[in-house]
Amino acid sequence: MADKPGLIASEDGKLRCFWHGNLPDYLRYHDEEWGRPVTDDFRLFEKICLEGFQSGLSWLTILRKRENFRDAFDGFDFHKVARYSEADVERLLGNAGIIRHRGKIEATINNAGRAIEMEREFGSLAAWFWAREPGPDERPETVDRQTLAANPTTPVSVKISKELKKRGWKFVGPTTVYAFMQAMGLVNDHLEGCCCRGEVERLRAELVRPVIRSA
């Protein structure tokens with residue numbers, strides 16, 4: 001049994017964040033993806049769109065449909081998604097392998113166009129997002145379950161949400177944005193004592209941050 005709140009022991013005897021519940025696919029996501037820094041534009045676009053689809057659902061539901069989403073949305077290549085027509089919307093609404101929500105589908109197509117605009121203006125989506133990485137003074141002293149539960153949003157996620165909405169993005173509220181930041185490694189929210197926290201911190205320390213390039 002874990003001796004720290006928010007941690008659970010897995011079959012290998014290691015302590016991890018509680019939320020994966022030791023479900024094999026969720027545990028793999030926790031260990032191999034969540035919190036590890038990402039600078040690939042398509043993966044960043046995919047994640048922020050899938051976080052929008054998650055609204056009102058669990059991430060596990062989305063994770064288990066992720067390959068279907070990738071197939072349906074051309075690997076979240078926003079250059080392709082931005083060209084989708086009403087026929088594509090209807091095609092997606094008929095796809096039982098994804099979340100068939102017209103508003104979220106149309107938001108993804110809209111956001112693809114906005115992503116292209118930002119790529120042209122800043123060089124990459126990654127450069128824009130990583131330029132907004134919270135500084136040490138904007139992070140809690142201790143990352144524990146109580147702290148995260150009390151802070152589903154942060155001042156930085158609120159700011160990013162407002163900036164994205166001003167640029168025309170949809171389904172990018174502060175909670176969605178913070179979940180995106182956690183997953184893509186803009187913050188390290190593996191709990192203190194989780195076996196993955198140190199590895200993620202090392203990867204973040206070694207990361208070469210992308211730099212904004214003016215058009």
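Bear in mind the structure is a predicted one, so any value in this text is a computation, not a measurement. (Residues numbered from 1 in each chain as written. Predicted model: local features only at pLDDT ≥ 70, side-chain atom pairs only at ≥ 80, totals over all residues. Heavy atoms only, no water.)

(A) Quick peek at unusual backbone geometry. Unusually for a residue other than glycine, Asn 22 sits at a positive phi of about 60°. Looking at where Asn 22 falls in the secondary structure, it is placed in the loop between strand S2 (15-17) and helix H1 (24-32). Classification of Asn 22 as partly exposed rests on a relative accessible area of 31%. In the Ramachandran plot, Asp 74 falls in the positive-phi region, its phi being about 50° despite a non-glycine side chain. Among the structural elements, Asp 74 can be located in the loop between helix H4 (66-72) and helix H5 (78-81). Accessibility expressed as a relative area gives 36% for Asp 74, which makes it partly exposed. (Helix = DSSP H or I, 4+ residues; strand = E, 2+ residues; numbered from the N terminus. Buried < 20%, exposed > 50% of the residue type's maximum accessible area, 1.4 Å probe, protein only.)

(B) A look at helix H12 (residues 197-206). If you check which residues of H12 are buried, you get Arg 197, Val 200 and Arg 204. Buried residues in H12, looked at end-on, bunch into an arc of 70°, giving them a common side. The outward face of H12, more than 90 degrees from its buried face, is lined by the exposed residues Ala 205 and Glu 206. Residues of H12 that are buried sit in contact with helix H8 (125-130). (Arc of directions from axis to C-beta. Contact = heavy atoms within 4.5 Å.)

(C) View of the nonpolar core. Membership of the largest hydrophobic core comes to 51 residues, with the highest contact counts inside it found for Phe 45, Phe 69, Phe 73, Phe 129, Leu 164, Trp 169 and Met 181. Here this core takes seven residues from helix H7 (residues 102-122), the largest share from any one element. When sequence neighbours within four positions are dropped, the list of residues in contact with Phe 129 reads Ile 48, Ile 160, Leu 164, Phe 180 and Leu 186. Of all hydrophobic cores here, the second largest spans six residues; its members include Leu 7, Val 143, Cys 194 and Cys 196. (Core = buried A, V, L, I, M, F, W, Y, C linked by side-chain atoms within 4.5 Å.)

(D) Highlighting the packing of aromatic side chains. Scanning the entire structure with this criterion turns up 16 aromatic pairs. Summarising the aromatic geometry, the rings of Phe 42 and Phe 78 are spaced 5.4 Å apart at their centres and angled 90° between planes, so their arrangement reads as edge-to-face. In this pair, Phe 42 sits in helix H2 (residues 41-54) while Phe 78 sits in helix H5, placing the two residues 36 residues apart along the sequence. Judged by relative accessible area, which is 30%, Phe 42 ranks as partly exposed. Consider the rings of Phe 45 and Phe 78, whose centres lie 5.5 Å apart with planes at 70°: the pair is edge-to-face. Here Phe 78 lies in helix H5 and Phe 45 lies in helix H2, a separation of 33 residues in the sequence. Both residues of the pair, Phe 45 and Phe 78, count as buried. Of the aromatic side chains, those joined through ring pairs into one cluster are Phe 42, Phe 45, Phe 53, Phe 69, Phe 73, Phe 76, Phe 78, Tyr 84 and Trp 169. One residue, Arg 91, lies across the ring of Tyr 84, its end atom 5.3 Å from the ring centre. (Phe/Tyr/Trp six-rings, centres within 6.5 Å; stacked < 30°, edge-to-face > 60°. Lys NZ or Arg CZ within 6 Å of the ring centre and 35° of its normal.)

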